[in-house]
Amino acid sequence: MAAFFSGSPKHEAPEPLEGPVVATITGGTILWFVLFVVQLPFYGWFDDHGHTWWLWTCLAGGGLGLIGIWYVRKRDAALKRAAAPEAQEQQQSPAPSAD
C-alpha cells in the first residue's frame, strides 16, 4: 500500500475558500426549521407509514444549525479580531516608493 502513495505527486494545499459563512449556516438552519413546521400537519400520515423520523431529522438539523450559527459567529469574530492588528500595521507603515 505504501508503494501506491509513494509515486503520488506532491501539491500544496489550496487556500480555504471564505464566503458568507454565517449567512449560509443561518439560511440552512431556517430551511431545516421550515421543513419541520411544514411537515407537522402531516404527522399522522408519517406515523402511519413509519416515517416520523423525517420530522425529527428536520428538527435535529435545525437544532444543530443553531449550534452552527453560534460557532461560525464566534469564528468570524475571532478572524476579525486577528486581522485587526495586521490592518492597523499596514495603515501605519509607509507605502514603498517606486524609485
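In what follows, the structure referred to is the one given above.
The following paragraphs examine the structure supplied in this document. (Residues numbered from 1 in each chain as written. Predicted model: local features only at pLDDT ≥ 70, side-chain atom pairs only at ≥ 80, totals over all residues. Heavy atoms only, no water.)

1. Let's talk about the packing of aromatic side chains
According to the stated counting rule, one finds 5 aromatic pairs in the structure shown. Ring centres of Trp 53 and Trp 54 lie 6.0 Å apart, and the angle between their planes is 85°; this geometry places the pair in the edge-to-face category. Given a relative accessible area of 33%, Trp 54 falls into the partly exposed group. (Phe/Tyr/Trp six-rings, centres within 6.5 Å; stacked < 30°, edge-to-face > 60°. Buried < 20%, exposed > 50% of the residue type's maximum accessible area, 1.4 Å probe, protein only.)

2. Remarks on helix H2 (residues 21–39)
Residue pairs spaced three or four apart in an α-helix point in one direction, given the helix's 3.6 residues per turn. For H2, with 19 residues, the first-to-last C-alpha span of 27 Å sits near the 27 Å given by 1.5 Å per residue. When we look at burial in H2, the residues that qualify are Thr 29, Phe 36 and Gln 39. Projection of H2 onto a plane perpendicular to its axis shows the buried side chains occupying an angular sector of 105°, all on one side. For H2, the exposed residues lying more than 90 degrees away from the buried face are Ala 23, Thr 24, Leu 31 and Val 37. Looking at the buried side of H2, the elements it contacts are helix H3 (43–48) and helix H4 (52–92). (Helix = DSSP H or I, 4+ residues; strand = E, 2+ residues; numbered from the N terminus. Expected span 1.5 Å × (residues − 1). Arc of directions from axis to C-beta. Contact = heavy atoms within 4.5 Å.)

3. Looking at H4
Under the 1.5 Å per step criterion, the end-to-end length of H4 is 60 Å for 41 residues, consistent within 8% with the ideal 60 Å. Where H4 bends most, the angle comes to about 25°, and this point is Ala 83, followed within four residues by the proline Pro 85. (Bend = angle between axes of the 7 residues up to and from the residue.)

4. Observations regarding the pattern of salt bridges
Applying the stated criterion across every chain yields a total of 2 salt bridges. Its salt-bridge partner being Arg 75, residue Glu 18 comes within 3.0 Å of it at the nearest N-O pair. With Glu 18 in the loop between helix H1 (2–6) and H2 and Arg 75 in helix H4, this pair connects stretches of sequence that are 57 residues apart. Residue class for Arg 75 comes out partly exposed when judged on its relative accessible area of 33%. The salt bridge partner of Asp 76 is Lys 80, with a shortest N-O separation of 3.5 Å. Taken together, the residues Asp 76 and Lys 80, both in helix H4 and 4 residues apart, mark about one turn of the helix. (Salt bridge = Lys/Arg side-chain N within 4 Å of Asp/Glu carboxyl O.)

Take it as geometry only, folks, not as evidence of what the structure does.
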